[in-house]
Amino acid sequence: MAISAFLTDPSICIGCKACEVACKEWNQLPDDGFEWSGQSYDNTRALGASTWRHVLFLEQPQPLGAQITGTPEPFRWQFLSDVCKHCANAGCLEACPTGAILRTEFGSVFVQPDVCNGCGYCIVSCPFGVIDRNEQEGLAFKCTFCYDRQVAGLIPACAKACPTQSIQFGEISELRERAGARVQLLQERGYADARVYDPRETSVGGIHALFVILGRPEDYNFPPAPEIPTVHLKTAWTYALASAAVLLLTVFGAFFL
Ligand code: SF4
Ligand code: SF4
């Protein structure tokens, strides 16, 4: 089975939110209210239990390539459709004590609500702040990578609905090549800070939702070097064993020395 991925390219996103709507329609998710957040044209604010695609509106006081803004100040306005990263090493999956979160044959990370007990360990273990508990049922939810559609040979609803192909879906190695080529093209066109966001060098080991970004990952609320919490286990166990050894030696010394 081919390992699939998303490639999201904000440089061609028009902020229409068709992906958000398609995701909600297909997965029968409730709306998030229709009030402006005060962050540009954002009304869904962040990914959550009922928001599996979130279109971020990013306004920055710097030029966008060779763009003419019509204002004396430099200004760039970007839109990025964020989603669960379907991590190669997923903190949520490692933390789940009931086995509710599993890896699918497509390489994605899937939550089974009927096995979830609502403990929330996955929520604190996600380095991207993606997975969330739904208030009504008290269970964890996030993007399913449209597993049901993929099984039926269809592409995810968000990628299908995107009118500019800002969200592409396909085989991961092919998308990595496409992302690299897109970055090269953007740089040739004057977008010197174009880069691929795919943290393969950290304990996350890469993601199945690649992004072409301009500038720093932090500006898009992406951690520059995400780590899964279990990488700290080795150090914690080393300290625990060292403390136990010191305690034993102290007790031994008190009795026999
Ligand atoms: S892949 Fe499916 S579930 Fe995930 S964000 Fe897109 S539409 Fe929603
Ligand atoms: S982004 Fe978070 S919720 Fe999604 S697979 Fe990675 S750890 Fe799990």
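**A few points about unusual backbone geometry**
For residues that are not glycine, phi is negative in most cases, and the peptide bond is trans in most cases.
Move 1: At Arg45, a residue that is not glycine, the phi angle is positive and equals roughly 70°.
Move 2: Assignment of secondary structure puts Arg45 in the loop between helix H1 (18-27) and strand S2 (53-60).
Move 3: One non-glycine residue with positive phi stands out, namely His86, at about 45°.
Move 4: Positionally, His86 belongs in the loop between strand S3 (76-83) and helix H2 (91-95).
Move 5: We classify His86 as buried; its relative accessible area is 0%.

**Quick notes on the site of ligand 1**
Move 1: What surrounds ligand 1 is a group of 13 residues, the closest being Phe6, Cys23, Cys143, Cys146 and Cys158.
Move 2: Listed by contribution, the elements that provide at least two residues to the shell around ligand 1 are H1 and helix H5 (157-161).
Move 3: The residue inventory of the shell around ligand 1, partitioned by class, reads ten nonpolar, two polar and one charged.

**Re the domain arrangement of the protein**
Move 1: For the protein, the assigned domains are domain 1 (4-226) and domain 2 (228-257).
Move 2: Centre-to-centre separation of domain 1 and domain 2, based on C-alpha positions: 42 Å.
Move 3: On the side of domain 2, four residues touch domain 1, which itself brings eight residues to the contact.
Move 4: Interface of domain 1 and domain 2: buried area, both sides summed, is about 430 Å²; carbon and sulfur atoms make up 64% of it.
Move 5: Sorting the residues of domain 1 by area buried against domain 2 places Glu94, Ser125 and Ser203 first, and these three jointly supply 72% of that buried surface.

**Description of the pattern of salt bridges**
Move 1: Within this structure, the stated rule accounts for nine salt bridges.
Move 2: Ionic pairing is found between Arg182 and Asp9, a salt bridge with its closest N-O pair at 2.8 Å. Of the two residues, Arg182 sits in helix H6 (residues 172-188) while Asp9 sits in the loop between strand S1 (4-8) and H1, which places them 173 residues apart along the sequence. Asp9 carries the same exposure label as Arg182, and that label is buried.
Move 3: Of the charged contacts, one joins Arg200 and Asp198 as a salt bridge, the two residues approaching to 3.3 Å between their closest N and O atoms.
Move 4: We classify Asp198 as buried; its relative accessible area is 12%.

The rules behind these values
- Residues numbered from 1 in each chain as written.
- Chains lettered and ligands numbered in written order.
- Predicted model: local features only at pLDDT ≥ 70, side-chain atom pairs only at ≥ 80, totals over all residues.
- Heavy atoms only, no water.
- Helix = DSSP H or I, 4+ residues; strand = E, 2+ residues; numbered from the N terminus.
- Buried < 20%, exposed > 50% of the residue type's maximum accessible area, 1.4 Å probe, protein only.
- Near = heavy atom within 4 Å.
- Nonpolar A, V, L, I, M, F, W, Y, C, P; charged D, E, K, R; others polar.
- Domains from an automatic or database assignment.
- Contact = heavy atoms within 4.5 Å.
- Buried area = accessible area lost by both parts, 1.4 Å probe.
- Salt bridge = Lys/Arg side-chain N within 4 Å of Asp/Glu carboxyl O.

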